[in-house]
Amino acid sequence: MTCDLAFKMISTTVDPIMPSLPAELLRQFDVPGPRYTSYPTADRFVEAFGAEDHARAVRRRRADGAQAAPLSMYVHIPFCESLCYYCACNKVITRHHEKARHYLDYLACEAALQAAQLGPGTVVSQLHLGGGSPTFLDDAELTGLMAMLRGVFDFATDGEQSIEIDPRTVDTGRLAHLASLGFNRLSFGVQDFDPDVQRAVHRIQPAERVFALMADARALGFESVNVDLIYGLPRQNDASFERTLAQLCMLRPDRIALYAYAHLPERFKPQRRILAEDLPDAPIRVRMLARAIEVLRDAGYVYIGMDHFALPGDPLAVAKRNGRLHRDFQGYSTQPDGDLVALGVSAIGRMGATYSQNAKTLENYYDLLDQRRLPVVRGLALSRDDLLRRDVIMALMCRGHVDFDAMGEAHTVDFRHCFAAEFAALGPLVAQGLVRLTDHDIKVTPRGWFLVRAVAMVFDKYCGAHRERFSRVV
Ligand code: SF4
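Keep in mind that what you see is a predicted model, and the values were worked out from it rather than measured.

Cut-offs used in this document
- Residues numbered from 1 in each chain as written.
- Predicted model: local features only at pLDDT ≥ 70, side-chain atom pairs only at ≥ 80, totals over all residues.
- Heavy atoms only, no water.
- Axes fitted to C-alpha atoms, helices over the stretch in contact; angles between N-to-C directions.
- Helix = DSSP H or I, 4+ residues; strand = E, 2+ residues; numbered from the N terminus.
- Parallel < 35°, antiparallel > 145°, perpendicular 65-115°, else oblique.
- Left-handed = near helix turned anticlockwise from the far one by under 90°.
- Contact = heavy atoms within 4.5 Å.
- Nonpolar A, V, L, I, M, F, W, Y, C, P; charged D, E, K, R; others polar.
- Buried < 20%, exposed > 50% of the residue type's maximum accessible area, 1.4 Å probe, protein only.
- Pairing = 2+ DSSP bridges.
- Right-handed = clockwise from strand over helix to strand, strands pointing away.
- Core = buried A, V, L, I, M, F, W, Y, C linked by side-chain atoms within 4.5 Å.
- Near = heavy atom within 4 Å.
- Arc of directions from axis to C-beta.

Caption draft 1: View of the packing of helix α8 (residues 238-251) against helix α9 (residues 282-298). Closest axis-to-axis distance for the α8/α9 pair is 10 Å, and the angle between their directions is 25 degrees. Of the possible angle classes, the one that applies to α8 and α9 is roughly parallel. Here α8 runs over α9; the crossing is right-handed. Counting all contacts with α8, which are made through Asp238, Phe241, Glu242, Leu245, Leu248 and Cys249, the residues of α9 involved are Ile284, Arg287, Met288, Arg291, Ala292, Val295 and Leu296. Looking at the contact of α8 with α9 residue by residue, the classes come out as nine nonpolar, no polar and four charged.

This is how it looks when you write it as structure tokens:
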């Protein structure tokens, strides 16, 4: 789940991992904040940045001889057959599958334009299909999509290929087909196992189906399986969520993303179908999160950061232990920070010191490609200050540590001088035991990991004035 501005992370006073997080502290840090899948965040993108700026960034990559450097690719499939009422994603609800075939033709056009710019010898080391629902595509369409991508790009033989799975749209045969196409990582959108909750959010998928798919995924040898879960959904309560957690532990995915639902019906129209009186109140949500952390810890999961958990042997947990965790538009990742080519409507890419975003409507996306133009409609060229702050924020979010000398050297700045105001602003977080600040570094404490966004926000030059558009930190 990548489109989760409407989801928020909340924390609690009762979990043993953070035994003394008083309610007053939660109130103090209960402010809207970015999830930092990029810095600056996408709300800072400007329309003055367009396809030509993106092309310039690609030319710079080629001039630097970076073709062999790892390149990630994100492909957005916007279609879904039915609407989940909690949805805050950029999607198109339709049962007309011919729309997908039409869309794939345009994706091919965009891929060819991108490949021509990137030049020969470019190797894609990581591919992610997201949406919407990538499994809206049938097997033949997925085969065609992968053949098209492999026809215009070289893919690393040992690369990661992941796909978001709507369990309602796949079966054993379809999972086998995905394996045959080279996918080695799956992410199941489960959200909640409880039938009553599923009815309330208009997403019915029996638990038995998810269990059967997980067994198939294991038998087929997928390297890592993630499950998305949401707490704070309508009709959830302590008892129902306890059952869902027990089922989750029995399912035992390699990774778990546990998002909090934030009800913003004025912003996300589908949410208007959710009855406010069906929503669990704040104390219940806090209890659900507390219980989830406790249960997952007891089941052997490692807390990665923000809303992610992983089994100790999963590459994400290994990367966290080794200080090699990264963060990209899909959340935490093991892939080194690098360039990302994004294909499809509304998709966001990263190239050198730039971000670019495609047209957000199909009409606009198609129109630009009809003109043989890349559909980039907005983006950002990062300043030196942005690049420095991005490194600081990602170091905090991924490693919980910033070494002043190393960071200053990497950016040729006097780090202590540059961030004197931020050090002062860290005061309340230091006082609350969320971070440790010395003459030479900042360290996020175990308690601080649960509020790491609040720590990162201190170094965000922009979020003060635009905070309200983000989900809350706690
Ligand atoms: S599957 Fe549901 S939550 Fe996901 S994009 Fe489609 S409507 Fe939204």
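Caption draft 2: Geometry of the pairing of strand β7 (residues 224-231). With eight of eight residues buried, β7 is to be regarded as a mostly interior element. Because side chains alternate across β7, one face comprises the buried residues Ser224, Asn226, Asp228 and Ile230, and the other comprises Val225, Val227, Leu229 and Tyr231, equally buried. One ladder, built from six bridges, connects strand β6 (residues 185-191) with β7; its direction is parallel. By the bridge assignment, Arg185 is partnered in β7 with Ser224. The pairing of β7 with strand β8 (residues 255-260) spans six bridges and is classified as parallel. Its bridge partner lying in β8, Leu229 is registered against Leu258. Assessed by its sense of winding, the connection that carries the chain from β7 through α8 to β8 is right-handed.

Caption draft 3: Structural detail: the nonpolar core. Grouped together as the largest cluster of nonpolar side chains are 124 residues, with contacts concentrated most on Leu107, Leu149 and Leu186. Per-element accounting of this core gives the leading share, ten residues, to helix α3 (residues 98-118). Leu107 has contacts with Val75, Ile77, Leu145, Met148, Leu343, Gly344 and Tyr365, leaving out every residue within four places of it along the chain. Residues Tyr85, Val197, Tyr261 and Ile274 belong to the second largest nonpolar core, which totals 13 residues.

Caption draft 4: Looking closely at the side chain of Thr244. Checked against the element boundaries, Thr244 lands in helix α8. The residues contacting Thr244, other than those within four sequence positions of it, are Asp192, Phe193, Asp194 and Leu229.

Caption draft 5: Looking closely at the environment of Val152. Note on placement: Val152 falls in helix α4 (residues 139-152). For Val152, a relative accessible area of 33% puts it in the partly exposed group. Linking Val152 and Ala116, residues 36 residues apart in sequence, is a C-alpha distance of 8.5 Å. In contact with Val152, other than residues within four places in its own chain, are Ala111, Ala112 and Ala115.

Caption draft 6: Local environment of the sheet that holds strand β19 (residues 441-444). Across the sheet, which stays open at both edges, the three strands sit in the order β17-β19-β18 with antiparallel pairing between neighbours. Two strands in the sheet have a free side with no partner beyond their single neighbour: β17 (401-403) and β18 (435-437). Averaged over all pairs of adjacent strands, the angle between strand axes in this sheet comes to 10 degrees, irrespective of strand direction. Relative to β19, β17 is paired through three bridges, and the arrangement is antiparallel. Bridge pairing in β19 places Val402 opposite Ile442.

Caption draft 7: Highlighting the site of the ligand. In the neighbourhood of the ligand, the contacting residues comprise Cys80, Ser82, Cys84, Tyr86, Cys87, Cys89, Gly132, Ser133 and Arg203. Counted by class, the shell around the ligand contains five nonpolar, three polar and one charged residues.

Caption draft 8: Here's a closer look at helix α11 (residues 362-370). Listed as buried for α11 are Leu362, Tyr365, Tyr366, Leu368 and Leu369. Down the axis of α11, the sector holding all buried residues measures 165 degrees, keeping them to one side. Turned more than 90 degrees away from the buried face of α11, the exposed residues are Glu363 and Asp370. Residues of α11 that are buried sit in contact with β2 (79-80), β3 (92-93), α3, β15 (354-358) and β16 (376-381). One or two positions beyond α11, positive phi appears at Arg372, with a value near 60 degrees.

Honestly, that's just the spatial picture; any functional story needs more than this.
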